[in-house]
Amino acid sequence: MRKALTLTAAVVAAVIVFLLVSLPPNPRVVQVTDTVLAQRTVAGAYHVHSARSDGSGDRHAIAQAAKRAGLQFVVITDHGDGTRVPDAPAYADGVLCVDAVEVSTNGGHYVALDLGAAPYPLGGDASAVIEDVSRLGGFGFAAHPDSSRAELAWTDWSLPFDGVEWLNADSEWRNETRRRLVRVLFDYLVRPGPALASVLDRPAATLGRWDALSMTRRVTSIAGHDAHGGIGRSAEYRGTGRSSWLAGVPSYEGSFRSFSTRVVLDSGFSGEAVADSRRLLAAMRSGRMFTAIDAVAGPAVLDLHAARGDSLTAMGDTIAPGPATITVHAPAPAGARIVLLHNGDTVAEAGGGAVVLDVAAARGAYRAEVRVPGGPGDPPVPWLLSNPIYFQDPAPMPQPRAAVASVPLPPGISWHVEKDRGSTGSVVTSAAEAAFYYRLRGPSRASQFVAAAADLQGHAGAPAAVTFTATAVRPVRVSVQLRYRGGERWAHSVYLDDTPRDVIVPVSGMRPADHQIGQAPPATSAVSLLFVIDLTNALPGAANTIRISRVGFAPAP
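One structure accompanies this document, and this report is about it. Here the structure is a predicted model, which means the values were calculated and not measured.

1. What to know about the overall build of the protein
Here is step 1: When helices and strands are tallied, the protein shows ten helices and 34 strands.
Here is step 2: A compact globule built from 557 residues should have a C-alpha radius of gyration of about 24 Å, and the protein, at 27 Å, falls within 12% of that.
Here is step 3: Its C-alpha atoms give the protein principal-axis dimensions of roughly 90 × 75 × 45 Å.
Here is step 4: Within the protein, the fraction of its 557 residues that count as buried is 51%.
Here is step 5: Taking as baseline every contact in the protein between residues at least 6 positions apart, the subset at least 24 positions apart corresponds to 74%.
Here is step 6: Carbon and sulfur atoms form 56% of the exposed surface of the protein, whose accessible area is close to 24600 Å².

2. Re the pattern of salt bridges
Here is step 1: For the structure shown, the criterion picks out 30 salt bridges.
Here is step 2: As a salt-bridge pair, Arg-84 and Asp-99 come within 2.9 Å of each other at their nearest N and O atoms. With Arg-84 in the loop between strand 3 (73-79) and strand 4 (90-92) and Asp-99 in strand 5 (residues 95-105), this residue pair connects regions lying 15 residues apart in the sequence.
Here is step 3: A relative accessible area of 14% places Asp-99 in the buried class.
Here is step 4: Ionic pairing is found between Arg-371 and Glu-369, a salt bridge with its closest N-O pair at 2.9 Å.
Here is step 5: It is possible to trace a salt-bridge network through shared partners that takes in Arg-202, Asp-211, Arg-367, Glu-369 and Arg-371.

3. Quick look at the packing of aromatic side chains
The way to describe two aromatic rings as a pair is by their centre distance and the angle between their planes.
Here is step 1: Inspection of every chain in the model, using the stated rule, returns twelve aromatic pairs.
Here is step 2: Geometrically, the ring pair formed by Phe-139 and Phe-141 is edge-to-face, given 6.0 Å between the ring centres and 75° between the ring planes. Each member of the pair, Phe-139 together with Phe-141, is buried.
Here is step 3: What links up through ring pairs into an aromatic cluster is the set Tyr-110, Trp-154, Trp-157 and Phe-161.
Here is step 4: Across the ring face of Tyr-495, the terminal group of Arg-135 is positioned such that the distance to the ring centre comes to 3.4 Å.
Here is step 5: Here the guanidinium or amino end of Arg-217 rests over the ring plane of Phe-161, the centre of that ring lying 5.2 Å away.

4. Quick notes on the pairing of strand 10 (residues 260-264)
Here is step 1: Burial within strand 10 is extensive, with five of its five residues counted as buried.
Here is step 2: Burial along strand 10 is two-sided: Ser-260, Arg-262 and Val-264 and Thr-261 and Val-263, pointing in opposite directions, are all buried.
Here is step 3: Summarising the sheet, strand 2 (residues 41-48) and strand 10 pair through four bridges and their orientation is antiparallel. Bridging from a neighbouring strand, Ala-43 pairs with Arg-262 of strand 10.
Here is step 4: The pairing of strand 10 with strand 11 (residues 289-292) spans four bridges and is antiparallel.

5. Section: unusual backbone geometry
Here is step 1: Put simply, Gly-298 and Pro-299 share a cis peptide bond, and its omega is 0°.
Here is step 2: Residue position: Pro-299 is located in the loop between strand 12 (297-298) and strand 13 (303-308).
Here is step 3: A cis amide bond links Gly-442 with the next residue in sequence, Pro-443, at an omega value of 5°.
Here is step 4: Relative to the assigned elements, Pro-443 resides in the loop between strand 26 (434-439) and strand 27 (449-455).
Here is step 5: Phi is positive for Asp-114, which is not a glycine, with a value near 60°.
Here is step 6: Within the element layout of this structure, Asp-114 appears in the loop between strand 6 (108-113) and helix 4 (126-135).

6. What about the environment of Ser-286?
Here is step 1: Topologically, Ser-286 is positioned in helix 10 (residues 273-286).
Here is step 2: In the structure, Ser-286 is positioned 214 residues away from Pro-500 in sequence and 33 Å away in space, judged by C-alpha atoms.
Here is step 3: Not counting the four nearest positions on each side in its chain, Ser-286 is found in contact with Arg-218, Thr-220, Met-315, Gly-316 and Asp-317.
Here is step 4: Here Ala-282 takes part through its backbone oxygen, which lies 2.9 Å from a polar atom of the side chain of Ser-286.

7. Points about the side chain of Thr-261
Here is step 1: Note on placement: Thr-261 falls in strand 10.
Here is step 2: Residue Thr-261 is classed as buried on the basis of its relative accessible area of 1%.

8. A word on the sheet that holds strand 14 (residues 311-314)
Here is step 1: Taken together, four strands build an open sheet; the order of strands is 14-13-16-19 and the sheet is antiparallel. Sheet topology places strand 14 and strand 19 (354-362) at the edges, where each strand pairs with a single neighbour. The sheet shows a mean angle of 25° between the axes of neighbouring strands, direction not considered.
Here is step 2: The pairing of strand 13 with strand 16 (residues 322-329) spans five bridges and is antiparallel. Note that in strand 16 the partner of Asp-303 across the bridge is His-329.

9. Some thoughts on helix 10
Here is step 1: For helix 10, which comprises 14 residues, the first-to-last C-alpha distance of 20 Å matches the rise-based estimate of 20 Å (1.5 Å per residue) to within 8%.
Here is step 2: Taken as a whole, helix 10 has its buried residues at Ala-273, Asp-276, Ser-277, Leu-280, Leu-281, Ala-283, Met-284 and Ser-286.
Here is step 3: Where helix 10 terminates, the next one or two residues include Gly-287, which has phi positive at roughly 80°.

Definitions and limits used
Residues numbered from 1 in each chain as written. Predicted model: local features only at pLDDT ≥ 70, side-chain atom pairs only at ≥ 80, totals over all residues. Heavy atoms only, no water. Helix = DSSP H or I, 4+ residues; strand = E, 2+ residues; numbered from the N terminus. Rg over C-alpha atoms; globule rule 2.2 N^0.38 Å. Buried < 20%, exposed > 50% of the residue type's maximum accessible area, 1.4 Å probe, protein only. Contact = heavy atoms within 4.5 Å. Areas by Shrake-Rupley, 256 points an atom, 1.4 Å probe, with all protein chains shown as cover. Salt bridge = Lys/Arg side-chain N within 4 Å of Asp/Glu carboxyl O. Phe/Tyr/Trp six-rings, centres within 6.5 Å; stacked < 30°, edge-to-face > 60°. Lys NZ or Arg CZ within 6 Å of the ring centre and 35° of its normal. Pairing = 2+ DSSP bridges. Polar contact = N/O pair within 3.5 Å; in protein donor to acceptor, adjacent residues only side chain to side chain. Axes fitted to C-alpha atoms, helices over the stretch in contact; angles between N-to-C directions. Expected span 1.5 Å × (residues − 1).

Shape is all these values report; function is a separate question.
Structural data, given as structure tokens:
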């Protein structure tokens, strides 16, 4: 028995020694001599959830964790619909806290920054949310774009989103085996940051999509912590049966020690929250930021610029195509390679602290990576990843939209209201317009809706688009829908306010309104045209008047 116990103890000790010896290494220390650039570079965490939605801590707890991790700012992105007045920027425990929102759409999640309170709930079509965020003065990132969970992945890469999360911590651990995750848990108990960074792989598919987009238009990138302060906190997992027995793991601090967003300002923070937040968001909007895997090495600074004559173009900026000298400078640990990429392909690299490349006719996007041997992942994730410099022609001036030949609905078309019990609505028609008034039942949510419906009576023909002119007393989103003989509906969201708008809704751009799959039926079988108000973009108790005129169909060419 003693021999057996001794042998068992020896085996356990050997396993523990092996696990300790094979821990992911502590971050390597980098010598930074450019103190000015270091002071201008502020480190922070983006895509963080608090107890306001599905995180475990309040703003102060998050700020304390960020401070312990050596960060200077946190962008808190609780789930929401954009109607809540954002918290004012504030310093908590010396960390600048900035409020943002993660909006769920039919095509993925969109994180909106620098956004005031929206006049109605944001949601529904991804294209509508992107349009609303831009119109309201904000900017946004497609979150966890290539998540293995279909409901979280971004579905339409042709949309004009401002940026994309090239790395998302929530997505990265999903391709690990259970055995690997058990090992990560042991490592986490000893070295939280390096343990969490050890599951990061180079997301080749996401980077490939981003590089392809950046060839022709400006698309910035950022790394998202998607931190909730513990497994099982996320709203995406509710109802999935996922265990939350690892309460508080990973902690905010552990997540923040794995990687960071480094934003390059004109000067360091002043300590005045509103002014610092304004400068921070302006730099993030402009793409003057890079990602650092702090669990690998640090501190991290990076300078990417292009020279043409006496002018310099910084990371994130756009310059016309032409000759340029592109320089990347980044102090790095021994053995690191600085790589300059053009449209995703390596065009120069060096083992020193800088890469300089003369380009006779630069066009497209040039960005930088710093790769450290033995870095985490398979394939390894880069230690540093910059945003590009964009060599692109100026965007063409918008041209007046050509008139569309539209076949109007015949006079006397029949209109009626469809609604839930408790909501009210009416349609008053004249020779010039249909005036649609509605009030959704309040105060709680109970699938309220009101719709103005026109009976097509076979007048749709074979349309390529629905056309109309409309105004609304208050800003609103209306779901323009075609209903078919089988009852299924296909829809497109339209923004209206008190400015008359000539609206063209391509039938090919309509999406399923009832989660049906497959192709829309032939437009000739549409039996009703509906203008629908529901809780996707309206609140219980909301009331408005919409005036619709010149309704018709543009025939297929």
